[in-house]
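A structural walkthrough
As a plain string of letters, each chain reads:
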Amino acid sequence: MAKFLNLAIQPSVMRRAGRIALIIGSVFFLINYADKLIAGTITRPEIIKAMVSYCVPYCVSTYSSVMAVIESESA
């Protein structure tokens, strides 16, 4: 677990995950909330849920990057 966390906080992994989260999270946001944003009816709880939707691609990208590094080291 310590090795995983050590790799997860590497700047290159965090930058990659951040870029992926920004792109994919924005797509999620637009799919789910663009109509309410345009109409001006988006609520505070919806904004909070939208911000959390950026966490999912960040976590998936981080996990994928770390597992790729671990697998390449063991090969």
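Each remark here, short or long, concerns the structure printed above.
Let me begin by describing the structure that accompanies this report. (Residues numbered from 1 in each chain as written. Predicted model: local features only at pLDDT ≥ 70, side-chain atom pairs only at ≥ 80, totals over all residues. Heavy atoms only, no water.)

**Some remarks on the packing of helix 2 (residues 11–39) against helix 4 (residues 55–74)**
For the pair helix 2 and helix 4, interaxial distance at closest approach is 7 Å and the crossing angle is 145 degrees. For the pair helix 2 and helix 4, the crossing hand works out as right-handed. Residues Val13, Met14, Arg16, Ala17, Gly18, Ile20, Ala21, Ile24, Gly25 and Phe28 of helix 2 touch helix 4, and the partners they reach there are Pro57, Tyr58, Ser61, Thr62, Ser65 and Val66. Residues belonging to the contact of helix 2 with helix 4 are distributed by class as follows: ten nonpolar, five polar and one charged. (Axes fitted to C-alpha atoms, helices over the stretch in contact; angles between N-to-C directions. Helix = DSSP H or I, 4+ residues; strand = E, 2+ residues; numbered from the N terminus. Left-handed = near helix turned anticlockwise from the far one by under 90°. Contact = heavy atoms within 4.5 Å. Nonpolar A, V, L, I, M, F, W, Y, C, P; charged D, E, K, R; others polar.)

**Quick look at helix 2**
Largest kink in helix 2: about 70 degrees, centred on Tyr33. Among the residues of helix 2, those classed as buried are Val13, Ala17, Ala21, Gly25, Phe29, Tyr33 and Ala34. Where helix 2 is buried, its residues meet helix 1 (2–8), helix 3 (44–52) and helix 4. A positive phi of about 75 degrees marks Gly40, the residue just after helix 2. (Bend = angle between axes of the 7 residues up to and from the residue. Buried < 20%, exposed > 50% of the residue type's maximum accessible area, 1.4 Å probe, protein only.)

**Focus: the pattern of salt bridges**
Scanning all chains against the criterion turns up two salt bridges. With its nearest N and O atoms 2.7 Å apart, the salt bridge here joins Lys3 to Glu73. Placement of the pair is Lys3 in helix 1 and Glu73 in helix 4, with a sequence separation of 70 residues. Here Lys3 falls in the partly exposed class, since its relative accessible area comes to 46%. Accessibility expressed as a relative area gives 47% for Glu73, which makes it partly exposed. Put simply, Lys36 and Glu46 hold a salt bridge, and the shortest N to O gap is 2.5 Å. (Salt bridge = Lys/Arg side-chain N within 4 Å of Asp/Glu carboxyl O.)

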